[in-house]
Amino acid sequence: MQEKQVTKAIFPVAGLGTRFLPATKASPKEMLPIVDKPLIQYVVEEAVKAGITELVFVTSSSKRAIEDHFDTNYELEQRLQQQGKTELLEMVQNIVPKGVDCIYVRQPQALGLGHAVLCARQVIGEHPFAVLLADDLIDASVSCLEQMMTCYHETHASVIAVQEIAKADSEKYGVIDVAKNWSGQGPINAIVEKPKPTEAPSQYGVVGRYLLTPEIFHHLAKLPPGRGGEIQLTDAIARLLNEQKVMALAFDGTRYDCGSKLGYMQAMITLGLKHPELGADFKHYLQNLIF
Ligand code: UTP
């Protein structure tokens, strides 16, 4: 089979963020900062580092701040230039590196993650592509998407990122079924969206990174609403499984569910402690606070 490079990524950012109200009433959850960078910038950096050059944002009317963040701000740049703040100037000018394009597609109604991905179909065409969810921040020495790319190049199959979850949490995840002796990377037998703990086929839950072959769109286009009345990406992957191999990868790294308040606070603390300028002072502060 001829290998196709993965150069396009979809960032679905049109959800309502109800778990993070009231902060997300008028501001996009994807713009919540971890220390000094919004969540969406972390996943964009992860994608670009893994070789993605076309960033496709599936957005909605209440998410304009995301477009502004990745656009030029002439007034700010001029001011920084006049003030000789060249480091800051370079930082804001390189949020989107040269050679990388941003494309915006609207999801008119929040009909689910699967529907959001389907909205980008025309832009993706017949290419394999990545999907990254900004609210899943993954801290890893080799990024999660790079680990998935390696798996994709070995198998030419769709790859979904998974992590071990508590059985009681299965209703928050898509859950995969894998062979009994599964070692952290391999084909899946089945996938179900948010099963009851008693019905969960394994303790591996899907997190917000997918590498998908374009055939997924055929299934998304025909799907009826699933769990919660939404068009579920998980259901389309289940149908794709009838015709293609789909791999799961238990990546090396720590994932923070920044769509939940607790996960967001955990990410802020961990990345705050690792921050090159603030980490030492922050650690000192926390030590005094706790002991
Ligand atoms: P979530 O279910 O985590 O996001 O969807 P949400 O709906 O915004 O948040 P809650 O559950 O109400 O708190 C995962 C990702 O898919 C996007 C979201 O923006 C998020 O990044 N999404 C979800 C869409 O783009 N469109 C949708 O219709 C649903």
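As the structure is a prediction and not an experimental result, all values here were calculated from the model.

**Regarding the site of the ligand**
- In the vicinity of the ligand lie 18 residues, with Ala14, Thr18, Arg19, Gln107 and Gly112 positioned nearest.
- In this structure, Ala14 approaches the ligand through a main-chain N or O atom, which is 2.8 Å from an oxygen atom.
- Leu111 places a main-chain nitrogen or oxygen 3.3 Å from an oxygen atom of the ligand.
- Starting from 550 Å² of accessible surface for the ligand in isolation, the protein chains cover 85%.

**Describing the packing of aromatic side chains**
- Under the definition given, this model contains 6 aromatic pairs.
- Judged by centre distance (5.1 Å) and plane angle (25 degrees), the ring pair of Phe11 and Phe57 falls under stacked. Residue Phe11 is found in strand β1 (residues 8-12), and its partner Phe57 is found in strand β4 (residues 54-59); the two are separated by 46 residues along the sequence.
- Residue class for Phe57 comes out buried when judged on its relative accessible area of 0%.
- Between Trp182 and Tyr204, the ring centres sit 4.8 Å apart and the planes meet at 70 degrees, which makes this aromatic pair edge-to-face. Of this pair, Trp182 sits in the loop between β9 (174-177) and β10 (185-187) while Tyr204 sits in strand β12 (residues 204-212), and the two are 22 residues apart along the sequence.
- Using a relative accessible area of 14% as the deciding quantity, one classes Trp182 as buried.

Procedures and definitions
Residues numbered from 1 in each chain as written. Predicted model: local features only at pLDDT ≥ 70, side-chain atom pairs only at ≥ 80, totals over all residues. Heavy atoms only, no water. Near = heavy atom within 4 Å. Polar contact = N/O pair within 3.5 Å; in protein donor to acceptor, adjacent residues only side chain to side chain. Areas by Shrake-Rupley, 256 points an atom, 1.4 Å probe, with all protein chains shown as cover. Phe/Tyr/Trp six-rings, centres within 6.5 Å; stacked < 30°, edge-to-face > 60°. Helix = DSSP H or I, 4+ residues; strand = E, 2+ residues; numbered from the N terminus. Buried < 20%, exposed > 50% of the residue type's maximum accessible area, 1.4 Å probe, protein only.

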